[in-house]
There are 2 protein chains.
Amino acid sequence: MPAPTPIRNVLYIMCDQLRRDYLSCYGHPHLQTPNLDRLAAAGVRFSRAYTQGTICGPSRMSAYTGRYVSSHQVAWNGVPLPLDELTLGDYLRPAGIRTALVGKTHATPNDAALARLQPHSEAAEQLSEVGFEAFFRHDGIYPDDPLFDAKRDSAPYTQYLRDLGYDGQNPWHDWANAAAGEHGEILSGWKMRNAHRPARVAEAHSETVHTTDRAIDFIAEQGEQPWCLHLSYIKPHWPYIAPAPYHALYGRDQVLPAVRAASGQRSDHPVYAAFRQHEESLNFAREDVRLNVIPTYMGLIKQVDDQLGRLFDYLQSTGRWDDTLIVFTSDHGDFLGDHELGEKEFLLEQAVGVPLIVRDPRPAADVTRGTVDRSLVQTIDALPTFLEALGLPGAEHRLEGRSLLPLLHGASPAWREYAIAEYDYAFQAPARERLGQPIDSCRMTMVCSQRWKYLAYDGFRPQLFDLHNDPHELHDLGADPAHAQVREQHLGYLYHWLRNLKRRTTISHEEIERRGQRFRYGEPQASKLVPIGEW
Amino acid sequence: MPAPTPIRNVLYIMCDQLRRDYLSCYGHPHLQTPNLDRLAAAGVRFSRAYTQGTICGPSRMSAYTGRYVSSHQVAWNGVPLPLDELTLGDYLRPAGIRTALVGKTHATPNDAALARLQPHSEAAEQLSEVGFEAFFRHDGIYPDDPLFDAKRDSAPYTQYLRDLGYDGQNPWHDWANAAAGEHGEILSGWKMRNAHRPARVAEAHSETVHTTDRAIDFIAEQGEQPWCLHLSYIKPHWPYIAPAPYHALYGRDQVLPAVRAASGQRSDHPVYAAFRQHEESLNFAREDVRLNVIPTYMGLIKQVDDQLGRLFDYLQSTGRWDDTLIVFTSDHGDFLGDHELGEKEFLLEQAVGVPLIVRDPRPAADVTRGTVDRSLVQTIDALPTFLEALGLPGAEHRLEGRSLLPLLHGASPAWREYAIAEYDYAFQAPARERLGQPIDSCRMTMVCSQRWKYLAYDGFRPQLFDLHNDPHELHDLGADPAHAQVREQHLGYLYHWLRNLKRRTTISHEEIERRGQRFRYGEPQASKLVPIGEW
């Protein structure tokens, strides 16, 4: 019998703002996603996967570094990653694995550190792309403000549209993210009132299709050489607007009712109250807004699923399906009006819960194919999984995630007792001002165990939800005297987590052990390199 | 009346391994240090100053970064500082202040990061010297092992001795740190049995004198241009051996009795027990060792004091006394047999307590001259003090220390409730193996309030000492049921400290505020840069 094919490649697929429950394999009753369901049937679907940051930048930097937000320090979008942080490419590239990006990273160049250190040019380029080779970078959000002019004009997708004859200063907006009015006027996708209309771009040229094209280009170009591809779709992230026919695949009758506490039962937590005052929350609290947006959100997901079908077919036709570890996930979710919130800046399931489907092609994983795993897994587990799958050394002194391979191979290792997610609203001046918090005391931290979700806040009481008896998180037990012990237990987890964040990252455990044996500090009678304290 | 002279220079003097209680101004009954006493009389003496790390590297990196060990990550000697950490020179140099080193830093080049980033050469040089211009670097410890050959041969003090005719492969050892036997043989200073003998080097060429020479050279060279000088003596650090006449200034009758618990009252803490098994502890537990070493330790301190007298005279004769902020401190202490311990790897007062004397020359500080301040101050407070004294902006998102200027100027600000010190014995393989702890669970953390010292240990019960009623820390209350509440309070401080370590260092508070106002995320009806969630 021939040895099974080893894993040679990694395909790390990420959607942006895709809620965990908006795939049919995760239980959506109306949105059919047969291609992701096919991946789930061929791998393991994790039902309790959490992102470590609820917005793009923090979440993605956790994905690329394998570390918590408090460790990599990218507390919000637009915050640079410290140069000392190692990313996916730093771990894989030395092993000869081309590590490329197709799509979005939300990486922000660390200009201050680059100016101070002036690293050699190749390093500088990789640092600015958080370790990826930017085969096709598409961060996808280009407002008309002059601040974005340079970024938009140099974006390859802008060039792609222009080459196809899509005109204007901002074809990303005017064609891919806008509709046409009755008189040919441009109706912006920024306005949710236009969500039901078809985008002006042809579906074949839309962001989701072109991103898939480029992914296939990369894989084809790589041939039999090993690779790691981060395929990172901007959609279903807003602007909520889809090209035909995806704008009209779903109707208002397929929009699920909003998840909301009954009148008078809503949590009175001040931070929650402040976030309900955000414009997106006020708008999504309106039923007409939900009914106009959510069918399009579903259409955008359906389009991703169709494109993944095309990609998976390509992998199967080329043999890559059998030597590639495939991970599908999202960077965070979207409230879509649940809890009277929009966006994702709050640590409830709609925001922190992400889909996570992992396929290990090797026979060792046959035992779990098509199963659902309820372990508390995290975005930071992806990178350690890649390393183990590729047979590369881990980095115990840096990586805070855990390889999922034991779970994929049917083992039952002792697993983590809690998952962590963080959000810092210092950057959201309106909420911060409303709450009167100083700029360094705007943190929310989720500590989620199998049964309970505990949310710690700077300056305010915690919230607590019983996920068994209250899976929709409608009854806030954060001030309930009967649950003091549960809160204490979870505050203990929070302390444990803080205490064990990795803070000795410039020296490996192996090197510590090597030095410890070589020097034998303190050992009586031993021959020591530095003869301390001898008589 | 003319405006008072502003502070233009900073003189940051550090001894190595100097215990807080081994100066006459700190109460030593036999060791007279009139020059440091003179500085104390002209400034403020802090009686409760703590280092953040009890060995050289961690303590010094806290001094140079203004951050706790867990933040800068240099958990032990020989661990590289992350390149993202900013140091003294990064803060001062942009203001045109030449920032130089004369003496020791214990900096370890971050070779892995330098190789990865290949920064431009000037940056690389500064990074390898943790931000200093190495006017005269002298780390001072050069064992004969080939590992140290290159470092020793390229050291300017080696060259200095050779130029004077001190011969041999290792003149640092053979002359400055060794004595001569009756037949002219070299008796190594590494052996504490030789501590009572005079070093072979002439006093005028000894480390302490030459280091002072170079400091005066630097100040003279700088003339009227502003400077920051880190004058960092290797002594009274071992090898415990002093040049004549300092080897013989003190006698055995001037050695204070060892601080030790009465028989049967000694703490049974396993980590404490493990450290008592170290060679230096076993030797210092012997009275003959103490009596042979401590007079020399005192002599080495006396020599530093004499040299500081020369330096202070120079400053006064050149006008620098009036426009220079002077700080005198040590990186950590030395047990010298107290608690049956040698060295400094344990968080009792002999190791974590450091002298700290600060002189602000301006009239605003006249109100406190000659006073003693009992506030809990820390090594990390020096850098923020320098910045405020020089009128430079702070860096609230990075610096974890606090400026001492308010205390120097007689204000009574709300001050910190606890001081922190850390030690990690992962690197000490014998203790780690004896205790059976994994390499990432060898941490000790001191939380010291005005009255209590709480010591937290990975994997073992805490220790607790009542500094009011038990200033010598002889009665371990860590398992005493009557003190559960005190322990809980200090565990709460530990949580508070962990929670508030600065973990958002790549973006300033000012920039967060600027962006917050510019984007106004979530503000209804506001004109926002990115139009999120609009209807």
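In this text, all values refer to a predicted model and were calculated from it rather than measured experimentally.

## Things to note about the overall build of chain A
On a plain count of helices and strands, chain A comes out with 19 helices and 16 strands. By the compact-globule yardstick of 24 Å for 535 residues, chain A fits well, its C-alpha radius of gyration being 24 Å. Projected onto its principal axes, the C-alpha coordinates of chain A cover approximately 95 × 60 × 55 Å. Within chain A, the proportion of its 535 residues that are buried is 67%. Residue pairs at least 24 apart in sequence account for 72% of intrachain contacts in chain A once pairs closer than 6 positions are excluded. A total accessible area of about 17,700 Å² is found for chain A, and carbon and sulfur atoms account for 52% of it. Computing the positive centroid from 55 side-chain charges and the negative centroid from 69, chain A places the two 3 Å apart.

## Examining the relation of the copies chain B and chain A
The transformation that overlays chain B on chain A combines an axial shift of 0.0 Å with a rotation of 180°, and the residual RMSD is 0.0 Å. The superposition of one copy onto the other is thereby described by a two-fold rotation axis. Minimal C-alpha distance to the rotation axis in chain B is attained by B:Pro119, lying at 1.9 Å. Most of the interface of chain B is mirrored in chain A: 100% of its interface residues are interface residues there too.

## Points about the packing of aromatic side chains
Here the distance between the centres and the angle between the planes together describe a pair of aromatic rings. Residues and elements named next belong to chain A. Taken as a whole and judged by the stated rule, the model has 46 aromatic pairs over all chains. Ring centres of Tyr272 and Phe346 lie 5.6 Å apart, and the angle between their planes is 45°; this geometry places the pair in the tilted category. Linking Tyr272 in helix H11 (residues 270-275) with Phe346 in the loop between strand S9 (324-330) and helix H14 (349-352), this pair joins segments that are 74 residues apart in sequence. When its relative accessible area of 6% is taken as the criterion, Tyr272 is described as buried. Centre to centre, the rings of Phe275 and Tyr425 are 5.7 Å apart; their planes meet at 80°, and the pair counts as edge-to-face. Taken together, the positions of Phe275 in helix H11 and Tyr425 in the loop between strand S13 (419-424) and helix H17 (429-435) put the pair 150 residues apart, joining distant regions of the chain. Side by side, Phe275 and Tyr425 carry an identical accessibility label, which is buried. Among the aromatic residues, ring-to-ring pairing joins Tyr272, Phe275, Phe346, Tyr423, Tyr425 and Tyr457 into one connected group. Seen from the ring of Tyr26, Arg45 lies directly overhead, with NZ or CZ sitting 4.6 Å from the centre.

## What about the side chain of A:His173?
Residues and elements named next belong to chain A. Mapped onto the elements, His173 comes out in helix H9 (residues 171-176). Given the relative accessible area of 6%, His173 is considered buried. Excluding anything up to four places from it in sequence, His173 contacts Ala178, Ile186, Ser188, Gly189 and Trp190.

Calculation rules
Residues numbered from 1 in each chain as written. Chains lettered and ligands numbered in written order. Predicted model: local features only at pLDDT ≥ 70, side-chain atom pairs only at ≥ 80, totals over all residues. Heavy atoms only, no water. Helix = DSSP H or I, 4+ residues; strand = E, 2+ residues; numbered from the N terminus. Rg over C-alpha atoms; globule rule 2.2 N^0.38 Å. Buried < 20%, exposed > 50% of the residue type's maximum accessible area, 1.4 Å probe, protein only. Contact = heavy atoms within 4.5 Å. Areas by Shrake-Rupley, 256 points an atom, 1.4 Å probe, with all protein chains shown as cover. Lys, Arg positive; Asp, Glu negative; His and termini not counted. Charge placed at Lys NZ, Arg CZ, Asp CG, Glu CD. Least-squares fit on C-alpha atoms with pLDDT ≥ 70 in both. Phe/Tyr/Trp six-rings, centres within 6.5 Å; stacked < 30°, edge-to-face > 60°. Lys NZ or Arg CZ within 6 Å of the ring centre and 35° of its normal.

So far we have only geometry, and geometry alone does not tell us how the molecule works.
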